[in-house]
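# Topology and contacts: notes
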Amino acid sequence: MTDAVEEYEAVVVGCGPGGAAAAATLARNGVETLVLERGVDAGSKNVSGGLIYAEESAPYTIDGLFPDFREEATERPVTENVIHNIAGDKVKSFDIGDLHHHDTAWADAVLRRKMDSWLAQQVHERTRETGGGLLTEVHVTGLLRERGEIVGVTTEELDPIKADLVVAADGVNSELARDAGLMDWEDPDEWFQGVKAVVDMEPGVINDRFDVAPDDGAAHLFSGDLFDGVRGGGFLYTNEDSLSIGTVFHLDSIAEEHAEPHELLDSLLTHPLMAQWLGGEYDEREYSAKLVPDSKKAAHPSPHKDRLVLVGDAAGQMQAQGPIIKGMNHAVTAGALAAEAFADARARNDPSQAGELYEKKLHDEGVMDKLRPTGYKVFGQLGELSPVDDLSNAVADSAVGRFGVRAAAGLLERAYSSPRMVSMIPDTKLPYVTLPTVIAEELGEPVTDENTVSPPDLADRIGDLTYDVGDPHIELVDNSFEASGTAVTACPVSAQDFGGGCYRDETVKTNGSEEHLVSLDTQPCVECGTCAIVADTEWEHPAGGKGVEFKQG
Amino acid sequence: MPDIDPTEHEIAELGPKIKDVDDADELRAMLALEEDGEDRVPVKTLIEDRIEKVEDEGDGEMDPETVDLADLTVADVANMVREVDDGDVLRDLLEREKAGQDRKTAKSQIESRIESVEGTEETEGEETAEVEYVPPEEKYPELDHPTNDKQWVEGTVGAEYRDMWVYCETQAGELVDVSKEMLGKARELMDTYNEDYDEDERVVAVLIGSDASDHIEDVIAYGADLVVSHEDPRLERFRHQPYTEIFCDMARAGGELAAEGREDVAWKDYHEPRYTVFPATNNGRDLSALVQGELDSGLASDCSGLYIESAMISNPAKVGTAGDKKEFERVLHMKRPDFSGFEYSTILCIDKPNRDFHPQGASVIPGSFEMPDPDYERDGEVVDYEMDLDEEWFTVEVEEYDRLSGGVDLTGNDVVVAVGRGIGDDPTQGIEQALDLVDAFDEADLGLSRGVITSSYSFDSHVEQYVTEERQIGESGQEVEPDVYIAAGISGAIQHKVGCDESDTIIAVNTNPDADIRDFSDYLIEGDLFEVLPQLTEAVEAGELGAMMEASDD
């Protein structure tokens, strides 16, 4: 009954792995910590491809912070790693166990609803002990400022909350990072877009088809010519009683090629290679999508401002190490380091130093060098200049290049397993499309299986998701097709000639003139953020508890 | 060997631990261990910082008996005296300060320390001290606005309060549900109250409006013992001043501050209500704050729970004596959610020794209490409250208003004709043709799919009025179950299905015979709606719809 502003020592926004690591570490240091999560439950807004790594070199791992994590929150560990190079029905598979095992203490497949909601319980218990707690269904909308300085957060559901530390762990579309001017949605080439299907499968069937023990699992990666030249690849991970199958592409490539992400996923699902694993029946539990920052370009080198620190996706901390994408492990490290930085700064009686200290720790602990490797700066970006790329493509595809591929099969497999080599891979067609295709054509064996899988159409995929539609959270600022038409294809829940999606292509006749427009219905929105980049929008998250609710994630 | 070996800890743990180490040598030993061990830069910085701090403090250590106060800032004095427990030393310090710089702030620091060191002894075993009451104007003569205690309106002390008053809001001629919920709760509370305290206090319903008398029977049925109502055609819409004036006039009638002519009323012989309850609606929130302010009490807004109980209070401002505890009886405990229900506060409104805080008032979130079953056999007393309303109170005029609820209700129709994005080629004509079909039936209306409402279609002005969210069928719109549902150009997404699935007969019109709507339609006419709708209209007008359906049912 007072009008005093609520005040906590620390406010953590978002309870994914980054937020959970930050909150747990803050609580361990006796910091009064309030955690705000916009989903009905932690994990209900979260999607990941599905592997969480624990790196040997990392100062923090998720099971270090949450000891029962692997027993309680993960699916199967990855004990087998293969990349498949595909050209038509020809496939050449390389074992990339070495790349996978490099610096890896363990890696488990996860489903985010299960994982994050378990984490949230732990976080709630721990933060309560220091006078805070976890609140769900609260949408943090922006930063609270006093005299231009960040002092807390504003929310859609509650009065503003002040804090000495604000941890923005609010994901890839972080509204706090954007409010602070630290991140933007400008360049499609800084992002990947992933779509995923979680496919139901009995544990025994998984053991048989993947030839793994009940407590083991497999990770398969796919690249080559099955994605219509769009730069990216596919993955398949085994969960306890389901498979996570998805595709990840450079967003600029999706935009340029006017590719339909759900169709690219279907290309993978219906490829003959998949028949051995999918069998005849196909029961898709959930379709989901998310943006993935490319840390090489998007990771903020100095992710803090005033009392605000960014961790995880919010800071662009998602490392694409060639075909292996590591995000959650870095979010965990960053979250814990940010918390540690605050505890240090507080111990020195100057909490305002936390941001600087956090940045220093990211560098000192080697996180930043993983996210923005120097090798990529030297070689990778050079490879992205289009003449160089064209030349490399031409050479790789020429008789000489093909001879080289045949002669160097062993070498290639080793190259794929070198963390240093893959960290320098440029974002061009060469590594994603041309090279795997040539490899498969020259070295591959045809797959003879017949794939009878018929994935659900987009309308059914949308219909199977759970929504609580609130007010539209995205505003289409410019509805001309020129400005925003790319969203019709690039949005994972929209498609050309599909009236049930978010973005629809419309030709409107008024007074004899015809306009090519785009209309938007946010009802089927999966909150991936694609349209924030490829269309002209005002993008916000829906209110707390509203919008899509992932049951698998 | 120091107690803490830094190499055995992560830096995050060290921060808080190291704060408790005050010995610089021990810290130096820790630093050496770290240098020989993990040699982490941040850990070293942490320890070095601490060493610096500890040594600073060491240098500054002073003996209060000999220190030269002139060298110290007031803050230094404050810090120093915190450590001194000897009253004589403190008095000596005070004398020296008086003899020296004689700083008022420094003296008050020392004096307050003396008080806290010795005060406890003085009061031990004695009666607790009375808190002296000084009116704020006297206490702060230099201030224009002595805000420590808000100046009161009434200044009543020790008056008599009785009954629980419930403001029963009406909207658009209806008694709103929360009014009934509050009456039910008030009945329950007061029945228990009367039993517990052997009293005979009542539930009083207050009705104000242009149609107040229409609801008298209802509020009695829902639990009121006494209804006080005032009706006036000018009170058709809620307005702050007249509503507040009327409520307060009623509340004061028969009491110490009753308006002229209402000093003695047959139905009330106490000063003001013991409890007041308002709905936490838009209007109820406004009125509750104004009334409780005018009656010189407090308000617990947006409550979700109410109960009456005794409360043990130790706040000296309420009890009148420091260190004393006093039990207050018949206190309304008003529970309200903070932080979306993450926490609850229970608000108590308690008299001060020199000022009453009555009525104990709350506003109640609609839906918090159960809707009681009305009992139209109940008896109740009714007071038609007579009072002249000042024209001055009506200077604010409501010129225009919209009623947001109401809207288009598609339920209850025999037939609903709904169109979807199939009208995209010519949206205006699509709506026109659908409206023609609607008109062909007796009891029918137009529905729309969400796809149409969220489209960028441009409609001619004569049909534009029909394209509103109010006509949306589906999960985020209305759910209808007419005898006949005609879905033209609607693909039949699951979100649409839930809005019409219960219809007796569903007739779909679609160019795509495999559209999802096929799965839940009884009939599917494959064709362009622009051709099919006019034919349907014709068939209905000719009374041949049934025959047409038979023909397409193959």
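Residues numbered from 1 in each chain as written. Chains lettered and ligands numbered in written order. Predicted model: local features only at pLDDT ≥ 70, side-chain atom pairs only at ≥ 80, totals over all residues. Heavy atoms only, no water.

## Some points on the overall build of chain A
Formally: Strands are runs of DSSP state E lasting at least 2 residues, helices are runs of H or I lasting at least 4, and numbering of each runs from the N terminus. Atoms counted for the radius of gyration: C-alpha only. Globule rule: 2.2 Å times residue count to the power 0.38. Three labels apply to residues, based on accessible area from a 1.4 Å probe with only protein chains included: buried if under 20% of the type maximum, exposed if over 50%, partly exposed otherwise in between. Contacts: residue pairs with any heavy atoms within 4.5 Å of one another. To be clear on the numbers: accessible area is Shrake-Rupley with a 1.4 Å probe, and residue cover counts the displayed protein chains and nothing else. Positive charges come from Lys and Arg alone, negative charges from Asp and Glu alone, with His and the N- and C-terminal ends not counted. For this purpose, a charge sits on NZ of Lys, CZ of Arg, CG of Asp or CD of Glu.
For chain A, the count of helices and strands is 24 helices and 26 strands. Taken over C-alpha atoms, the radius of gyration comes to 23 Å for chain A, in line with the 24 Å a tight globule of 553 residues would show. A principal-axis box enclosing the C-alpha atoms of chain A has dimensions of 75 × 65 × 50 Å. Within chain A, the proportion of its 553 residues that are buried is 64%. Long-range pairs, those at least 24 residues apart, make up 75% of the contacts in chain A between residues at least 6 apart in sequence. Carbon together with sulfur atoms contributes 46% to the accessible area of chain A, which is approximately 19,400 Å² in total. Seen as two clouds, the 43 positive and the 99 negative side-chain charges of chain A have centres 5 Å apart.

## Brief notes about the overall build of chain B
Along its length, chain B carries 18 helices and 17 strands. For 554 residues, the compact-globule estimate of 2.2 N^0.38 gives 24 Å, and chain B exceeds it by more than 25% at 38 Å. Projected onto its principal axes, the C-alpha coordinates of chain B cover approximately 115 × 85 × 45 Å. When the 554 residues of chain B are sorted by exposure, 48% land in the buried category. Carbon and sulfur atoms make up 41% of the accessible area of chain B, which totals about 28,300 Å². Side chains of chain B give 45 positive and 144 negative charges; the mean places of these two sets differ by 8 Å.

## Re the sheet that holds strand 12 (residues 218-224) of chain A
Residues and elements named next belong to chain A. To be explicit about the condition: Pairs of strands are assigned from DSSP output, requiring at least two bridges between the strands. Axes here refer to lines fitted to C-alpha atoms; in helices the fit is confined to the stretch in contact. Angles between the N-to-C directions go from 0 to 180 degrees.
Read across the open sheet, the eight strands follow the order 15-11-14-13-12-4-5-20; overall the sheet is mixed. At either margin of the open sheet sits one strand with a lone partner, and together these are strand 15 (284-293) and strand 20 (445-446). When strand 12 meets strand 13 (residues 232-238), the two strands line up antiparallel, connected through four bridges. Residue pairing across strands places His 220 opposite Leu 236, the latter belonging to strand 13. Along the sheet face, helix 20 (residues 429-443) touches strand 4 (80-87), strand 5 (90-95), strand 11 (191-200), strand 12, strand 13, strand 14 (242-250) and strand 20 and points at about 85 degrees away from the line of strand 4.

## Re the packing of aromatic side chains
We apply this condition: Two aromatic rings, drawn from Phe, Tyr or Trp (for Trp, its six-membered ring), form a pair once their centres lie within 6.5 Å of each other, and the interplanar angle then sorts them: stacked below 30 degrees, edge-to-face above 60, tilted otherwise. A ring has a charge above it when a Lys NZ or an Arg CZ is no more than 6 Å from the ring centre and no more than 35 degrees off the ring normal.
For the structure shown, the criterion picks out 18 aromatic pairs over all chains. Measuring from centroid to centroid gives 6.3 Å for Tyr167(B) and Phe247(B), while their planes differ by 65 degrees, and the two rings are edge-to-face. With Tyr167(B) in strand 1 (residues 161-167) and Phe247(B) in helix 10 (residues 240-252), this residue pair connects regions lying 80 residues apart in the sequence. Like Tyr167(B), the residue Phe247(B) is buried in the burial classification. Between Tyr193(B) and Tyr197(B), the ring centres sit 5.0 Å apart and the planes meet at 50 degrees, which makes this aromatic pair tilted. A residue pair is termed a helical-turn pair when its members lie 3 or 4 positions apart in one helix, as Tyr193(B) and Tyr197(B) do in helix 8 (residues 177-197) at four residues. Assigned by exposure class, Tyr193(B) and Tyr197(B) land together as buried. Counting every residue linked through ring pairs, the aromatic cluster contains Trp165(B), Tyr167(B), Phe247(B), Trp267(B), Phe278(B) and Tyr385(B). When the ring centre of Trp185(A) is taken as origin, the NZ or CZ atom of Arg178(A), which lies over that ring, is 4.0 Å away. Geometry around Tyr401(B) places Arg237(B) over its ring, the cationic atom sitting 3.6 Å from the centre.

## Overview of unusual backbone geometry
All names here are of chain B. Between His 358 and the following residue, Pro 359, the backbone shows a cis peptide bond with an omega angle of 0 degrees. Structurally, Pro 359 can be placed in the loop between strand 10 (343-347) and strand 11 (360-364). Of note, Ala 172 is a non-glycine position whose phi angle comes to about 50 degrees, a positive value. Its location among the elements puts Ala 172 in the loop between strand 2 (170-171) and strand 3 (174-175). On the basis of relative accessible area, Ala 172 is assigned to the exposed category, the value being 57%.

## Here we look at the pairing of strand 13 (residues 415-419) of chain B
A regular strand places its side chains so that they alternate between the two faces of the sheet. All names here are of chain B. Our working rule: For the handedness criterion, the strands are oriented away from the viewer, and a crossover whose path from the first strand over the helix to the second runs clockwise is classed as right-handed.
Across the five residues that make up strand 13, a large majority, five, are buried. Burial of strand 13 is two-sided: the residues Val 415, Val 417 and Val 419 facing one way and the residues Val 416 and Ala 418 facing the other way are all buried. Alignment of strand 13 against strand 14 (residues 444-448), held across five bridges, turns out to be parallel. By the bridge assignment, Val 417 is partnered in strand 14 with Leu 446. The handedness of the strand 13 to strand 14 crossover, carried by helix 13 (residues 427-440), is right-handed.

## A closer look at the interface of chain B and chain A
Keep this limit in mind: Note: buried area is the sum, over both parts, of the accessible area (probe 1.4 Å) each one loses when the two are combined. For this analysis, a salt bridge means a side-chain nitrogen from Lys or Arg found within 4 Å of a carboxyl oxygen belonging to Asp or Glu. Polar contact is the term for a pair of N or O atoms within 3.5 Å; when the atoms are in protein, one must be able to donate a hydrogen and the other to accept it, and sequence-neighboring residues count only if both atoms are side-chain atoms. Ten residue types, Ala, Val, Leu, Ile, Met, Phe, Trp, Tyr, Cys and Pro, are classed as nonpolar, four, Asp, Glu, Lys and Arg, as charged, and the remainder, Gly among them, as polar.
Taken together, the contacts link 35 residues of chain B with 42 residues of chain A. With both chains or domains summed, chain B and chain A bury close to 3,000 Å², and 52% of this area falls on carbon and sulfur atoms. Here chain B is connected to chain A by three salt bridges. A salt bridge links Arg450(B) to Asp521(A); the shortest N-O distance between them is 2.7 Å. Applying the counting criterion to the chain B and chain A interface returns seven residue pairs in polar contact (both at pLDDT 80 or more). Of all the secondary structure elements, the ones that give two or more residues to the side of chain B that touches chain A are helix 1 (11-18), helix 3 (41-59), strand 7 (299-303), helix 14 (450-453) and helix 16 (494-500) of chain B. Counting residues per element, the side of chain B that touches chain A draws most heavily on helix 3 of chain B, which supplies six residues. When the residues that make up the side of chain B that touches chain A are grouped by side-chain class, the tally is 13 nonpolar, eleven polar and eleven charged.

## Some remarks on the sheet that holds strand 1 of chain B
All names here are of chain B. Strand order in the open sheet made by the seven strands is 7-11-6-1-4-5-12, with parallel pairing throughout. In the strand order of this sheet, the two ends are held by strand 7 and strand 12 (381-384), each with one partner. Averaged over all pairs of adjacent strands, the angle between their axes in this sheet comes to 20 degrees, without regard to strand direction. Taken strand by strand, helix 8 contacts strand 1, strand 4 (203-209), strand 6 (272-279) and strand 11, and its axis lies near 160 degrees from that of strand 1. Sitting on the sheet, helix 10 touches strand 1, strand 4, strand 5 (226-231) and strand 6, and the angle it makes with strand 4 is about 150 degrees.

## Things to note about the side chain of Asp344(A)
All names here are of chain A. Secondary-structure assignment places Asp 344 in helix 12 (residues 328-347). When its relative accessible area of 1% is taken as the criterion, Asp 344 is described as buried. A polar side-chain atom of Asp 344 sits 2.9 Å from a polar atom in the side chain of Lys 361.

## Some details on the packing of helix 12 of chain A against helix 13 (residues 354-364) of chain A
The relative placement of two packed helices comes down to the angle between their axes together with the axis-to-axis distance. All names here are of chain A. The criterion, for reference: Roughly parallel refers to an angle under 35 degrees, roughly antiparallel to one over 145, roughly perpendicular to one between 65 and 115, and oblique to any angle outside these ranges. Note on convention: near helix rotated counterclockwise from far helix by under a right angle means a left-handed crossing. Clockwise means right-handed.
Contact geometry for helix 12 and helix 13: axes closest at 8 Å, N-to-C directions at 135 degrees. Judged by the inter-axis angle, helix 12 sits oblique to helix 13. Relative to helix 13, helix 12 is oriented so that their crossing is right-handed. Facing helix 12, whose interface residues are Ala 334, Leu 337, Ala 338, Glu 340, Ala 341, Phe 342, Asp 344 and Ala 345, helix 13 presents Ala 354, Leu 357, Tyr 358, Lys 361 and Leu 362. Residue classes in the contact of helix 12 with helix 13 are distributed as ten nonpolar, no polar and three charged.

## Notes on the nonpolar core
Residue and element names in this part refer to chain A. This is how the line gets drawn: Definition used in this section: a nonpolar core is a set of buried Ala, Val, Leu, Ile, Met, Phe, Trp, Tyr and Cys residues joined via side-chain atoms within 4.5 Å.
One finds Leu 243, Ile 245 and Tyr 503 to be the most contacted residues of the largest nonpolar core, which totals 68 residues. Apart from residues no more than four positions distant in its own chain, Leu 243 is found in contact with Ala 197, Val 198, Val 199, Met 201, Ile 206, Phe 210, Leu 236, Tyr 237, Thr 238 and Leu 278. In terms of nonpolar packing, the next biggest core, distinct from the first, is built from 52 residues, Ala 23, Leu 26, Trp 118 and Ala 339 among them.

## A word on the packing of helix 1 (residues 17-28) of chain A against helix 12 of chain A
All names here are of chain A. The interhelical angle for the contact between helix 1 and helix 12, taken along N-to-C directions, is 30 degrees, at an axis separation of 7 Å. Here helix 12 runs roughly parallel to helix 1, going by the angle between their axes. Considering the relative orientation of helix 1 and helix 12, their crossing is right-handed. Facing Pro 17, Gly 18, Ala 21, Ala 22, Thr 25 and Leu 26 of helix 1, the residues of helix 12 in contact are Met 328, Ala 331, Val 332, Gly 335, Ala 336, Ala 339, Glu 340 and Phe 342. Class assignment for the residues of the contact of helix 1 with helix 12 results in ten nonpolar, three polar and one charged.

## Topic: the domain arrangement of chain A
Residue and element names in this part refer to chain A. Our working definition: What marks off one domain from the next here is an automatic or database domain assignment.
Along its sequence, chain A is carved into domain 1 (6-75 + 110-183 + 300-371), domain 2 (77-108 + 185-294 + 375-455) and domain 3 (470-549). The interface is formed by 19 residues belonging to domain 2 together with 18 residues belonging to domain 3. When domain 2 packs against domain 3, the two sides together hide about 1,300 Å² of surface, and 65% of this comes from carbon and sulfur. Our count for the contact surface shared by domain 2 and domain 3 stands at zero salt bridges. The interface formed by domain 2 and domain 3 holds four residue pairs in polar contact (both at pLDDT 80 or more) in total. Contributions of two or more residues to the side of domain 2 that touches domain 3 are made by strand 11, helix 8 (251-256), helix 9 (261-269) and strand 15. Top element by residues in the side of domain 2 that touches domain 3 is strand 15. It accounts for four residues. Class assignment of the residues belonging to the side of domain 2 that touches domain 3 gives a composition of twelve nonpolar, three polar and four charged.

## Let's talk about the side chain of Arg274(B)
All names here are of chain B. For Arg 274, the location among the structural elements is in strand 6. We classify Arg 274 as buried; its relative accessible area is 11%. A distance of 3.0 Å separates a polar atom in the side chain of Arg 274 from a polar atom in the side chain of Glu 201.

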